[in-house]
Amino acid sequence: VQLVESGGGLVQAGGSLRLSCTASGRTFSSYAMGWFRQAPGKEREFVAAITWPGGSRAYADSVKGRFTISRDNAKNTVYLQMNSLKPEDTAVYYCAAAPVAGRRPRTEEYNYWGQGTQVTVSS
């Protein structure tokens, strides 16, 4: 599975962005998908995940109520809608795929990663 993210950019605090991650290769719909982020000087952290099948969602506490993950299997794409952005959301955002069914994958189970897209939120 090859993953390509897009949609990052510079936005003011309180603004919104929608990230997209398009997959090619193996059957996208058979993978759980996740979004992670890494800020300068910090470790990569979990942001959101959506399972397969069923589409159950999970979020980090820091983004709950502001971010929404969704997927369109017909388009082989997973999205991350980010609203009410804060300067602390500034990071490189990565999407990832895990061949796990029916539950949220552990981080180490994600075996395909995109190259990342930069999100910068100014105060």
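Preceding block: the structure.
This write-up is about the structure you can find in this document. (Residues numbered from 1 in each chain as written. Predicted model: local features only at pLDDT ≥ 70, side-chain atom pairs only at ≥ 80, totals over all residues. Heavy atoms only, no water.)

1. A look at the overall build of the protein chain
When helices and strands are tallied, the protein chain shows zero helices and 11 strands. Of the regular secondary structure in the protein chain, the N- to C-terminal order runs β-β-β-β-β-β-β-β-β-β-β. Judged by the C-alpha coordinates and their principal axes, the protein chain covers about 40 × 25 × 25 Å. For the protein chain, the residues scored as buried account for 46% of the 123 residues in total. Within the protein chain, residue pairs in contact and separated by at least 24 positions form 57% of the contacts whose partners lie at least 6 positions apart. Accessible surface computed for the protein chain: about 6,100 Å², of which carbon and sulfur atoms make up 46%. Counting 14 positive and 9 negative side-chain charges, the protein chain places the centres of these two groups 5 Å from one another. (Helix = DSSP H or I, 4+ residues; strand = E, 2+ residues; numbered from the N terminus. Buried < 20%, exposed > 50% of the residue type's maximum accessible area, 1.4 Å probe, protein only. Contact = heavy atoms within 4.5 Å. Areas by Shrake-Rupley, 256 points an atom, 1.4 Å probe, with all protein chains shown as cover. Lys, Arg positive; Asp, Glu negative; His and termini not counted. Charge placed at Lys NZ, Arg CZ, Asp CG, Glu CD.)

2. Points about the sheet that holds strand 1 (residues 2–6)
Spatially, the four strands line up as an open sheet ordered 1-3-8-7, and their pairing is antiparallel. Whereas interior strands pair on both sides, the edge strands pair on one side only; in this sheet they are strand 1 and strand 7 (67–72). This sheet shows a mean twist of 15° between the axes of neighbouring strands, independent of strand direction. The pairing of strand 1 with strand 3 (residues 17–24) spans five bridges and is classified as antiparallel. In the strand pairing of strand 3, Ser6 is matched with Ser20. (Pairing = 2+ DSSP bridges. Axes fitted to C-alpha atoms, helices over the stretch in contact; angles between N-to-C directions.)

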